[in-house]
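Next come the chains, spelled out residue by residue.
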Amino acid sequence: MSQPSAQVTAAEISRIAGVTRATVSNWRRRHDDFPAPSGGTDSSPLYDLESVRAWLASRGQVAAASPSEELRTTLRLHAQSGGGTSDLLLLVLAAARRSPEELTAAALLPDPDLVSRAEREVATVADTVPVADAVRFEAVGAAVLRALYVCVRDEGGQAALGVLAERELEDSAASGAYRTPEPLADLLAGLIPGSPVRVLDPACGSGTLLAAAARRGARELYGQDTLPVQAQRSAVSLMLTAPRAEVTMRAADSLRADAFPGLVVDAVLCNPPFGVRDWGHDELAYDPRWAYGVPPRAESELAWVQHALAHLTPGGHAVLLLPPAMAGRASGRRVRAELVRGGALRAVIALPVGASVPLHVGLQIWVLQRPEPGGPERKSVLFVDATETSTPSGTGGGGTAGATRARGGGSRSAAPDWAELTARVLGVWRAFTENPDAFEGEPGVAHAAGVVDLLDDVVDLTPARLVRASRAEVDPAELSAEVDAARRDLVKAAKSLARTAAHEEWGSAGAAAREWRTATASDLSRGGALTFLRTAPEGARGRAEEAERADLAEAGDANPEAPAARAVLTGSDIARGSGPTGDPSELRSAVAPVVAVGDVVVRAVANGDGPMARVAGEEDAGALLGPHVHLFRPDPARLDAWFLAGFLGAEENIAGASTGSTVLTVSPGRLRVPLLPLEEQRRYGEAFRHVHALRAEARRATRLAEETARLLAGGLTGGQLLPGRDAAGRDTAGQDGGAAHPHGADSRHSTYGPSST
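Residues numbered from 1 in each chain as written. Predicted model: local features only at pLDDT ≥ 70, side-chain atom pairs only at ≥ 80, totals over all residues. Heavy atoms only, no water.

1. Concerning the overall build of the protein
- For the protein, the helix and strand inventory stands at 25 helices and 26 strands.
- Among the 757 residues that make up the protein, the fraction classed as buried is 49%.
- For the protein, the share of sequence-separated contacts (at least 6 apart) that also reach a separation of at least 24 residues comes to 75%.
- In the form shown here, the protein has an accessible surface area of approximately 34,300 Å², with 51% of it arising from carbon and sulfur atoms. (Helix = DSSP H or I, 4+ residues; strand = E, 2+ residues; numbered from the N terminus. Buried < 20%, exposed > 50% of the residue type's maximum accessible area, 1.4 Å probe, protein only. Contact = heavy atoms within 4.5 Å. Areas by Shrake-Rupley, 256 points an atom, 1.4 Å probe, with all protein chains shown as cover.)

2. Examining the sheet that holds strand β14 (residues 530–533)
- Sheet architecture is open: 4 strands sit in the order β14-β21-β18-β19, paired in antiparallel fashion. For this open sheet the edge positions go to β14 and β19 (613–615), each flanked by a neighbour on one side alone. This sheet shows a mean twist of 20° between the axes of neighbouring strands, independent of strand direction.
- Pairing between strand β18 (residues 600–603) and strand β21 (residues 629–634): 4 bridges, direction antiparallel. Note on β21: the bridge partner recorded for V602 is H630. (Pairing = 2+ DSSP bridges. Axes fitted to C-alpha atoms, helices over the stretch in contact; angles between N-to-C directions.)

3. A closer look at the pattern of salt bridges
- Under the counting rule described, the total for this entry stands at 25 salt bridges.
- Close ionic contact of R98 with E121 constitutes a salt bridge, the shortest N to O distance being 3.2 Å. Of this pair, R98 sits in the loop between α5 (86–96) and α6 (100–107) while E121 sits in helix α7 (residues 111–123), and the two are 23 residues apart along the sequence.
- Look at R98 and you get partly exposed, because its relative accessible area is 32%.
- A relative accessible area of 4% means that E121 is categorised as buried.
- In this structure, R710 engages E707 in a salt bridge whose closest nitrogen and oxygen atoms are separated by 2.8 Å. Taken together, the positions of R710 and E707, both in helix α24 (residues 678–718) and 3 residues apart, correspond to about one turn of that helix.
- Given a relative accessible area of 38%, R710 falls into the partly exposed group.
- Residue classification places E707 among the partly exposed positions, given a relative accessible area of 29%. (Salt bridge = Lys/Arg side-chain N within 4 Å of Asp/Glu carboxyl O.)

4. Observations concerning α6
- The set of residues buried in α6 consists of L103, A106 and A107. Viewed end-on, α6 has its buried residues packed into an arc of 95°, placing them on one side of the element. (Arc of directions from axis to C-beta.)

5. Considerations on the nonpolar core
- With 83 residues, the main nonpolar core has L88, L91, L191, L221, L269, I365 and L382 as its most contacted residues.
- Sequence-distant contacts of L382, that is, excluding residues within four places in its chain, are made with R346, A347, V348, V428, W429, F432, F439, A446, H447 and A448.
- Counting 43 residues, the second-largest nonpolar core is a separate cluster that includes L284, A308, L309 and V340. (Core = buried A, V, L, I, M, F, W, Y, C linked by side-chain atoms within 4.5 Å.)

6. Here we look at the packing of aromatic side chains
- Per the stated rule, a full pass over the model turns up 14 aromatic pairs.
- Taking 5.7 Å as the distance between ring centres and 90° as the angle between the ring planes, the aromatic pair formed by F432 and F439 counts as edge-to-face.
- A residue is classified by how much of its surface remains accessible, and F432, at 0% relative accessible area, is buried.
- What links up through ring pairs into an aromatic cluster is the set W516, F643, F647, Y684 and F688. (Phe/Tyr/Trp six-rings, centres within 6.5 Å; stacked < 30°, edge-to-face > 60°.)

7. What about the confidence of the model for the protein?
- In the predicted model, the protein carries a mean pLDDT of 81, and the fraction of residues at 70 or more is 80%.
- A low-confidence stretch, residues 170–174 (pLDDT under 50), is modelled with 10 contacts involving residues beyond four sequence positions or located in other chains.
- Within the model, pLDDT remains below 50 along residues 538–564, and this stretch shows 68 contacts once partners closer than five positions in the same chain are excluded. (pLDDT = per-residue confidence, 0-100.)

8. Some words on the environment of A493
- Structurally, the position occupied by A493 is in helix α18 (residues 476–501).
- The class for A493 is buried, based on a relative accessible area of 0%.
- Between the alpha carbons of A493 and A705 there is a distance of 9.3 Å; along the sequence they are 212 residues apart.
- Sequence-distant contacts of A493, that is, excluding residues within four places in its chain, are made with E697, R700, A701 and L704.

9. Some remarks on the sheet that holds strand β8 (residues 312–322)
- Taken in spatial order, the 9 strands make up an open sheet running β6-β5-β4-β7-β8-β10-β9-β11-β12, and their pairing is mixed. The sheet terminates laterally at β6 (246–251) and β12 (446–450), the two strands that pair on one side only. The sheet shows a mean angle of 15° between the axes of neighbouring strands, taken without regard to direction.
- Pairing geometry for strand β5 (residues 220–225) and β6, over 6 bridges, is parallel. Bridging across to β6, Q224 finds its partner in R250.
- Each of β9 (345–350), β10 (364–369) and β11 (380–385) is contacted by helix α14 (residues 333–341), which is oriented at about 50° to β10, the strand it contacts most.

10. Considerations on α24
- With 41 residues, α24 extends 59 Å between its outermost C-alpha atoms, agreeing within 8% with the 60 Å of an ideal straight helix rising 1.5 Å per residue.
- For α24, the complete set of buried residues consists of E680, Q681, G685, A696, E697, A701, L704, T708, L711, L712 and G715.
- In the stretch just after α24, G719 is the one whose phi turns positive, near 90°. (Expected span 1.5 Å × (residues − 1).)

11. Focus on the pairing of β14
- Of the two faces of β14, the one carrying L530 and F532 and the one carrying T531 and L533 are both buried.
- Here β14 runs beside β21; their pairing, made up of 4 bridges, is antiparallel. Paired with L533 across the strands is L631, a residue of β21.

12. Observations concerning the environment of G354
- In this structure, G354 sits in the loop between β9 and β10.
- In sequence terms G354 and D583 are 229 residues apart; their C-alpha atoms lie 9.8 Å from each other.

13. Notes on the packing of α18 against α24
- With their axes 9 Å apart at the nearest point, α18 and α24 run at an angle of 155° to one another. With respect to their mutual orientation, α18 and α24 come out roughly antiparallel. The way α18 lies across α24 gives a crossing that is left-handed.
- Taken together, the residues of the contact of α18 with α24 break down into 15 nonpolar, 5 polar and 5 charged. (Parallel < 35°, antiparallel > 145°, perpendicular 65-115°, else oblique. Left-handed = near helix turned anticlockwise from the far one by under 90°. Nonpolar A, V, L, I, M, F, W, Y, C, P; charged D, E, K, R; others polar.)

14. Some thoughts on the pairing of β10
- Among the 6 residues of β10, 6 are classified as buried, and the element is accordingly described as predominantly covered.
- Neither face of β10 is exposed, since Q364, W366 and L368 on one face and I365, V367 and Q369 on the opposite face are all buried.
- Pairing of β8 with β10 involves 6 bridges; the strand directions are antiparallel. Looking at β10, one finds that L322 is bridged to Q364.

Here it is as structure tokens:
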């Protein structure tokens, strides 16, 4: 019995044929012989892949957009054949070692010969990669092998590996596997002093941390992962990216079945799984690795910490990415105390929210060092609070959004400014390691806490708590000057807000509110007044939405290459009023529209505070559209952009077009827009422009007021600032109905001054 063919969306057909999605929409409407839907819904149809390919061949559209797309399509087509794509990882490695001429010759072989050759080539690399069983490619099919050879020949092994990862090794909540962002991996590797040669990652995943170690010169890379397919992926990826390194990879649970029991290395890098209760607490109770105490059942992270220390040479360093809760949980107090008392813990660094998955949690980096027999006594531990690292510069919002901090309600999707974060953390760490006893720290950012001071009843190693305590070290004169500068900025912002609020070019509609005829955004799109665009999601969950939006996209509006140099405009950027801050490496899409000046962008999720829509300005131009943002591109001859943004983002309009209970998802086609002449639209548009400016000025003034208040409160409680001698008298006089303050509201007279030293 023949197996059913795979199904594809209209957007996937566009990639297969190497055309735009709008072209596929035209084919569907204009050609009666276009394959009928074989699944999906009326609004989101799915098509039989073999029928589509036959139709394309009959019209001369036989070439895919790229070899990687051809490989992706062929894998979809043969998905039901029973062959696993993990075996193909080995073939990628073997093929990458062949010349283009050899790969071309292999692709031209008859099917039986091609299968035999692939199996022979895989056998040559099988010893270097963890493999459960002997590889057989009969079930995979020669078409897949041929597409893989061509992809490796034309685009390289990493491109083919990426396609296989999409299918077999997708980093998702379902698999529980996530890639460590490359900038974060480089930061963790940079915290290893010197030039380590032998590096181990006992939870290697896709090998990102080991690849970062290889970029720093490591030549012996050891990795282990519970999932065999992850171990294979990591091995192949490392052999492609670091061909000079010796890669040894094993598939097993590192805590329960350590594959390297006698191995000692110069450095350990690890991003272990968090919150795992079934990690082997009972059977490992007497394990010799627990030199600092048996990790409690709820503290699997402390087991990973001691596992890393057990594999280090004396003086070697381990750097782990860990959840913040383990720094202060009562259950782990005794082990934390022993790590501090024994000199193994060297630093704890708090990262901003959004640095890595889970994006809503500010993770921590723990730096450890295995004590050397007879080595120097370690009297202090470095604590760094990098949670207030700003998002990337170049943001909008009147030039203020660049100072938006991740701690204060930071966006889950806004990536930190990695250049600033890396420079700050490495700079402080290097200063500390050069001379720990003389390290003076940086008030509010870094503090070296004495071992004796840390060994209290709770042994709370949270950086924010210890660094904030170091504010007392701030010089009073410096803080006073900082407060004065903040107050001056606040006064300027308040005056600007007052001028903006004084705008009065609107009036009452009279006895009754004005009414008008409206049309949905879908109606306006069908009439050509505007175009919908949205980043096409990858994976099965996004296929239905992708097919629906394929009908609305126009040719030339997407950016299939999604260059990493471009930032991503996110829904949080719209809510905060900032410019694009999203990390393009986190954008999981092959098709990302490019934002242009005059586009109207609307948040796709209605939860949370802040505006729902805005008009893209110069600071947004060229950014990639984020996955949770709708883009409306109006025809300027028929729709005013600010008029459109004002009505699309109205509370009643958003509520009427949203579905869901906990998470409100906006259906863009259901948003309604009044039908008004263009001149009248422009009058409304100008009014909405003033509303946007008022909101931006208010946001700026609020931020500066909070910053000024924070500095004043910290200075008063830290002893750097003293209240003025006449402050209490003036307050009493004001309460008793006395004379008003002679300086007025805009006075720069200060009732605070620096304390004497």
